[in-house]
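Geometric and topological summary
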Amino acid sequence: MDLKAPGTCSCGALRLRWRDLGRGKPVALSVPVPAWRRERAQGRRPKRFGLSVKLVKDDSLLLPRASFSLTPTPPPEEESVRNQNLSLLPLPKPLSSTHLSVSGHKPNIRVAYQGCPGAFGEAAARKVYPDCQAVPCEQFEVAFKAVQLWLADKAVLPIENSSFGSYHRTHDLLLSHSLHIVGEVQLAVDHCLMALPGVKKKELKRVLSHPQALGQCEIALSKLGVIRESFDDTAGAARLIASKGLGDVGAIASAQAAEIYGLHILEDKIQDISFNITRFLILAREPIIPRIGCPFKTSIVFTLEDGSGVLYKALAVFALRNINLTKIESRPQRKRPLRFVDDTHHGTAKYFDYLFYIDFEASMAEPRAQNALSNLQEFVTFLRVLGSFPMDITL
């Protein structure tokens, strides 16, 4: 292809004017080229070639610059045969409900959890994904980032315990990250007091564990009369004792952690309440498709505008539609903790400005849930759906 004169170009016997090419849009043509003539001379069926021409503005030239590409184009009869062959190829099967369930995933799924191997977070991850590749993370925020950066497919993190309450760090991270809740799992937690082999309970002076574990074993630790020290996670405390050889220090962790790190269990099930349950959230980069016909739960967070009875009105949008609330929790806004309210009779007042976290039993696929949130927007200044996911009805 060569540029002949301003405003024209030629290819073999074909000559084009720039104005025939449109306004910079590619134009496909069938043109005689030497390869076509050579195949015909050799008695073979010649191929058709398509010429694609695109104009590109170039400030260094007085006329537009053209880019050309030459690609073989099958004849019409060959195209029809090819289309018939394509119609015979097996098509991918449509997704079923099993593909949308929490457990319907590939066996090598990577699941991030907070703590070291042997932590209760790992047990929760393997309960819902038995064949997963567990990814230990030092902090809760590391687990969030591992999913966001594609280092893990899911994250399983605790949100609340039946005897010691909520994990507030998880609440805060849900708001500051863009992950979605796609499921939940409830895990029965049995705490064990452990130490190096040969160490007796009366020889302990300190006990290490996660603050939640220490709080769940308040009665047993008070009777033991030891110093309590917080650690990042339960299994990490057991690993530290084993690696440092701390003879007068015990740890509260799982029986699996004692087995992994070679510690001796001095007493098992030392939690204050024997039926001790921790609920974990399953987090992912993309939300799942909400469905109707199975137990679903939806989690939201919102802030309210000023006014008396606004919280009552906000909760009424669920009661009026027979939607059961399973959880409500308030957290002060960390970036703007105080709200200033002017009152002509009492001056200016300062109140905490709260975030409200609510879980309710309904799927976002249900019209009543959609109408409830539409009604809720009349009273809120901020609203975000954290996830709509299947409820864990097993234990």
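In the block above lies the structure referred to throughout.
Residues numbered from 1 in each chain as written. Predicted model: local features only at pLDDT ≥ 70, side-chain atom pairs only at ≥ 80, totals over all residues. Heavy atoms only, no water.

1. Concerning the pairing of strand β17 (residues 277-284)
Look at any regular strand and the pattern is simple: side chains alternate between the two faces of the sheet. Most of β17 is tucked away: eight of the eight residues are buried. Of the two faces of β17, the one lined by Ile-277, Arg-279, Leu-281 and Leu-283 and the one lined by Thr-278, Phe-280, Ile-282 and Ala-284 are each fully buried. As paired elements, strand β9 (residues 154-161) and β17 share six bridges and run antiparallel to each other. Considered in β17, the bridge of Leu-157 is made with Leu-281. Pairing of strand β11 (residues 180-188) with β17, which is carried by eight bridges, proceeds in the antiparallel orientation. (Buried < 20%, exposed > 50% of the residue type's maximum accessible area, 1.4 Å probe, protein only. Helix = DSSP H or I, 4+ residues; strand = E, 2+ residues; numbered from the N terminus. Pairing = 2+ DSSP bridges.)

2. Considering the sheet that holds strand β14 (residues 227-230)
With mixed pairing, five strands are arranged side by side in an open sheet as β14-β13-β15-β12-β16. At either margin of the open sheet sits one strand with a lone partner, and together these are β14 and β16 (264-268). Averaged over all pairs of adjacent strands, the angle between their axes in this sheet comes to 30°, without regard to strand direction. Of the strand pairs in this sheet, strand β13 (residues 206-209) and strand β15 (residues 249-253) are connected by three bridges, and their pairing is parallel. Bridge pairing in β15 places Arg-206 opposite Val-249. Running over the sheet, helix α9 (residues 234-244) touches β12 (192-195), β13 and β15 and is turned about 150° from β15. (Axes fitted to C-alpha atoms, helices over the stretch in contact; angles between N-to-C directions. Contact = heavy atoms within 4.5 Å.)

3. Quick look at the packing of aromatic side chains
For any pair of aromatic rings, the description rests on two quantities: the centre-to-centre distance and the angle between the ring planes. Counted according to the given criterion, the structure contains four aromatic pairs. An angle of 40° between the planes, with centres 5.1 Å apart, marks the rings of Phe-318 and Phe-360 as tilted. Of the two residues, Phe-318 is situated in helix α11 (residues 310-319) and Phe-360 in strand β22 (residues 354-360); the sequence distance between them amounts to 42 residues. Judged by relative accessible area, Phe-318 falls into the buried class, the value being 0%. Phe-360 gets classed as buried once you look at its relative accessible area, which sits at 0%. Relative to Phe-356, the ring of Tyr-354 lies with its centre 6.4 Å away and its plane at 45°, an arrangement referred to as tilted. Looking at Tyr-354, the relative accessible area reads 31%, which means it is partly exposed. The positively charged end of Arg-285 is found above the aromatic ring belonging to Trp-150, 3.6 Å away from the centroid. (Phe/Tyr/Trp six-rings, centres within 6.5 Å; stacked < 30°, edge-to-face > 60°. Lys NZ or Arg CZ within 6 Å of the ring centre and 35° of its normal.)

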